[in-house]
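# Report on the structure
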Amino acid sequence: MDNSPPPPSALNNFRIMYLVTQLVGITIIILVSCWIGIHLNGLGWSSRPSLQFNWHPLLMSVGMIFLYGNSILIYRGFRYARKKPLKIMHATIHAAAFIFTVIALVAVFDSHNLAKPRPIPNMYTLHSWVGLSAVLLFSLQYVFGFSSYLFPGVREQLRSSYMPVHVFFGIAGFVMAIAAALLGLLEKAIFAVPDYAVLPPQGILINTIGLLFIVYGGLVVFLVTKYQYKRHPLPEDVMLLTHSASVGSS
């Protein structure tokens, strides 16, 4: 397989699509914030369970969609940075996404359990099953990825062997997160928009956010799977790899 760097024209196309991806992701967060502020009465915490729920779509959009996608793209988006700082940045963005996700899960479970006059059942919808599966896969990916690539003493051969698995399940988890977000939007629209069938402004906004989820997910997966956009090792990466191999074999 050709390991030569991509031509400048290919990188120009990548930069344009990478910028578009960021703009779509930021637009999603803005629109979700507008949806919550205009149609869902804003944010609250446990004293107002119905408003506490609103943290869930906002923080999940930030964590499991926007940050997760950016973490996947970090090596290609910053292709001229050294690999070790990129590994740390990749892990840091994942950690931030995990923190947002935990708060979002606390918010949704609290809002259900504290609802009045009676609690709302948990974990019975397809959205909740797919969403929790995506979170569990994301968490396992983080643990195994951290252990394999940031924990000292792991042999380079093992890291190389695990890389295709790490990449596959990273993308799979992201796709599951997009699917869960779409199911969640549909579920909320059916439950919370009485006249959804006639497509009121809130319905149009929800559908627009859903389409942007699909666009953002498609762009991220395209950019991270297109071989022409792959990051090629820098000379200092090769030197570091050679040094690590020599130290490991000594």
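Model, not experiment: these values are computed from the prediction.

What follows is about the overall build of the protein chain. In terms of regular secondary structure, the protein chain is built from 8 helices and 0 strands. Secondary structure of the protein chain in N-to-C order comes out as α-α-α-α-α-α-α-α. For the protein chain, the proportion of its 250 residues judged to be buried stands at 43%.

Per the stated rule, a full pass over the model turns up 10 aromatic pairs. By the ring-pair criterion, three or more aromatic residues cluster together here, those being Phe-66, Tyr-68, Phe-138, Phe-174 and Tyr-216. Over the ring of Phe-14 we find Arg-79, and its NZ or CZ is 5.0 Å from the ring centre.

In this section: the environment of Leu-43. Assignment of secondary structure puts Leu-43 in the loop between α1 (8-39) and α2 (49-52). A C-alpha to C-alpha distance of 8.0 Å links Leu-43 and Phe-53, two positions 10 residues apart in sequence. Setting aside its immediate chain neighbours within four residues, Leu-43 contacts Ile-36, Leu-51, Asn-54, Trp-55 and Leu-58.

Excluding glycine, residues mostly carry a negative phi; peptide bonds, for their part, are mostly trans. Residue Pro-117 is bonded to the preceding Lys-116 through a cis peptide linkage, with omega at 15°. In this fold, Pro-117 is placed in the loop between α4 (83-113) and α5 (126-149). With phi around 70°, Asn-41 is a residue other than glycine that occupies positive phi space. Here Asn-41 lies in the loop between α1 and α2. Exposure remark for Asn-41: the relative accessible area of 62% places this residue in the exposed category. Notably, Leu-199 is not glycine yet its phi reads approximately 55°, a positive angle. The residue Leu-199 is located in the loop between α6 (156-192) and α7 (201-225) in this model.

Below, the discussion takes up a nonpolar patch on the surface. Among the surface-exposed residues, Trp-45, Phe-98, Ile-99, Val-102, Ile-103 and Val-106 lie close enough to one another that they form a single nonpolar patch of about 490 Å² accessible area. Residue position: Trp-45 is located in the loop between α1 and α2.

Our focus in this paragraph is the side chain of Gln-202. Following the sequence through the fold, Gln-202 ends up in helix α7. Residue class for Gln-202 comes out buried when judged on its relative accessible area of 12%. Setting aside anything within four residues of it in sequence, one finds Gln-202 in contact with Trp-35, His-39, Leu-40 and Val-193.

For soluble globular proteins, the rule of thumb is that nonpolar side chains tend to be buried together. Ranked by size, the top nonpolar core spans 47 residues in total, and within it Met-64, Ile-209 and Tyr-216 carry the most contacts. At the level of elements, α1, α3 (55-77), α4, α5, α6 and α7 are the ones that each hand at least two residues to this core. If we ignore the near neighbours within four places in the chain, the residues touching Met-64 are Leu-59, Thr-101, Ala-134, Val-135, Phe-138, Phe-174 and Ala-177.

We now examine the confidence of the model for the protein chain. Residues with a pLDDT of 70 or more make up 89% of the protein chain, whose mean pLDDT is 88. Confidence, read as mean pLDDT per element, is least for helix α8 (residues 235-249) in the protein chain (49) and greatest for α7 (97). With pLDDT under 50 throughout, residues 240-250 is counted as low confidence; its partners more than four residues away or in other chains account for 2 contacts.

Running from N to C, α4 and α5 point in directions that differ by 150°, and their axes come no closer than 11 Å. Relative to α5, the element α4 lies roughly antiparallel. In this structure, α4 crosses over α5, and the sense of that crossing is left-handed. Of the residues in α5, those in contact with Lys-87, Ala-91, His-94, Ala-95, Ala-97, Phe-98, Thr-101 and Leu-105 of α4 are Val-135, Phe-138, Ser-139, Tyr-142 and Tyr-149. Residue classes in the contact of α4 with α5 are distributed as 9 nonpolar, 3 polar and 1 charged.

The next subject is the environment of Leu-114. Within the secondary structure, Leu-114 sits in the loop between α4 and α5. A relative accessible area of 37% places Leu-114 in the partly exposed class. Between the C-alpha atoms of Leu-114 and Ser-50, which are 64 residues apart in sequence, the distance is 9.0 Å. When neighbours within four sequence positions are excluded, Leu-114 is seen to be in contact with Ser-46, Pro-49 and Gln-52.

Thresholds applied
Residues numbered from 1 in each chain as written. Predicted model: local features only at pLDDT ≥ 70, side-chain atom pairs only at ≥ 80, totals over all residues. Heavy atoms only, no water. Helix = DSSP H or I, 4+ residues; strand = E, 2+ residues; numbered from the N terminus. Buried < 20%, exposed > 50% of the residue type's maximum accessible area, 1.4 Å probe, protein only. Phe/Tyr/Trp six-rings, centres within 6.5 Å; stacked < 30°, edge-to-face > 60°. Lys NZ or Arg CZ within 6 Å of the ring centre and 35° of its normal. Contact = heavy atoms within 4.5 Å. Patch = residues over 30% accessible without salt bridge, like charges linked within 9 Å, V, L, I, M, F, W, Y side chains within 5 Å. Areas by Shrake-Rupley, 256 points an atom, 1.4 Å probe, with all protein chains shown as cover. Salt bridge = Lys/Arg side-chain N within 4 Å of Asp/Glu carboxyl O. Core = buried A, V, L, I, M, F, W, Y, C linked by side-chain atoms within 4.5 Å. pLDDT = per-residue confidence, 0-100. Axes fitted to C-alpha atoms, helices over the stretch in contact; angles between N-to-C directions. Parallel < 35°, antiparallel > 145°, perpendicular 65-115°, else oblique. Left-handed = near helix turned anticlockwise from the far one by under 90°. Nonpolar A, V, L, I, M, F, W, Y, C, P; charged D, E, K, R; others polar.

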